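# Secondary and tertiary structure notes
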Amino acid sequence: MKSTTMITPGLARDLAALGRLGEDTSTERVLRSLTTALAAGVPGCSGASAEHWRDHRVLVSGSHSELIMLVEGERALGEGPSIEARQSGARAGVADVLNESRWPRYDALASRWGVRSVLVVPIDVSPALLLVGLYSVRPGAFSPQGAHSLADMLTEQVGVAMANMWEFEEVRTDAAQLQEALAGRSVIDQAKGIIMQTSGCTAEAAFEELRKISQHHQVKVADLARLLVDEHQRKSKR
């Protein structure tokens, strides 16, 4: 039977809540909630970090600002457990930075921030990779058995949360683009009406005139139409 010593009822509840959607749903919010939950819910954990890697870009979050600085410092050094976990795709850790020999520069940096033990769990949330870091002021805080159970739960709950968030953001983006398209069509119709009124041409001819002018000046038809409508409204107020 797998050990669950790193999973408390409060942590399980907080991780399950990551998938709930709201108006403020974003990658930043999910990562911030994740690190806060881990820092508060994992026994022996003093703080947590999360690195969201996608298209060679990284977004870093942490339960404490010092941990964000540690993660960014590790990346600048080019050595440490997060680097190892990202390259290998497997969990990486440090039982005690004072007795570690693989990454001496990282160990010196971690000890400067009061960190003694570290566990980094990589989570594949394609098309992104998430590196979740746990930190403790005590040596040997994270057991291999407990880390295995925690990694399984993180993979499941965080995977669901990120999938929900991306779907929500896609729907929100589509809605915004549709709203923008409708607004653009409305202003184009207004501009066509102005041209038809002043020149007595048809709707098709008015749109063709807009299109030709927009191509000549290399601006979008909707932007040109908006300028024409704004100018017409200013003249009407005089």
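Residues numbered from 1 in each chain as written. Predicted model: local features only at pLDDT ≥ 70, side-chain atom pairs only at ≥ 80, totals over all residues. Heavy atoms only, no water.

## What to know about the sheet that holds strand E1 (residues 47-54)
- Reading across the sheet, the five strands line up as E2-E1-E5-E4-E3 and stay open at both edges, with antiparallel pairing between neighbours. The open sheet terminates on both sides in strands that have one partner only, identified here as strand E2 (57-62) and strand E3 (92-94). On average, each strand axis in the sheet is tilted by 15° relative to the strand beside it, whichever way the strands run.
- Two elements, E1 and E2, share six bridges in a ladder whose sense is antiparallel. When the sheet's bridge partners are listed, His 52 is paired in E2 with Leu 59. (Pairing = 2+ DSSP bridges. Helix = DSSP H or I, 4+ residues; strand = E, 2+ residues; numbered from the N terminus. Axes fitted to C-alpha atoms, helices over the stretch in contact; angles between N-to-C directions.)

## A word on the pattern of salt bridges
- Evaluated as defined, the whole model comprises six salt bridges.
- Asp 96 serves as the salt-bridge partner of Arg 116, at 2.8 Å between the closest nitrogen and oxygen. Within this pair, whereas Arg 116 is found in the loop between helix H5 (104-112) and strand E4 (117-125), its partner Asp 96 is found in the loop between E3 and H5, the two being separated by 20 residues in sequence.
- Of the residues examined, Arg 116 reaches a relative accessible area of 24% and is grouped as partly exposed.
- Owing to a relative accessible area of 11%, Asp 96 belongs among the buried residues under this scheme.
- One salt bridge connects Asp 189 with Lys 192, and the closest N-O pair in it is separated by 3.8 Å. Taken as a pair, Asp 189 and Lys 192 lie in helix H6 (residues 144-199) at a separation of three residues, close to a single helical turn. (Salt bridge = Lys/Arg side-chain N within 4 Å of Asp/Glu carboxyl O. Buried < 20%, exposed > 50% of the residue type's maximum accessible area, 1.4 Å probe, protein only.)

## Details of helix H3 (residues 65-77)
- Here H3 contains 13 residues, and its C-alpha end-to-end distance of 18 Å stays within 8% of the 18 Å for a straight helix at 1.5 Å per residue.
- Listing the buried residues of H3 in full gives Leu 67, Leu 70, Val 71, Gly 73 and Glu 74. All buried residues of H3 fall inside an arc of 165° around its axis, so they share one side.
- Buried residues along H3 sit against E1, E2, helix H4 (81-88), H5 and strand E5 (128-136).
- One or two residues past the end of H3 sits Gly 78, with phi positive at roughly 80°. (Expected span 1.5 Å × (residues − 1). Arc of directions from axis to C-beta. Contact = heavy atoms within 4.5 Å.)

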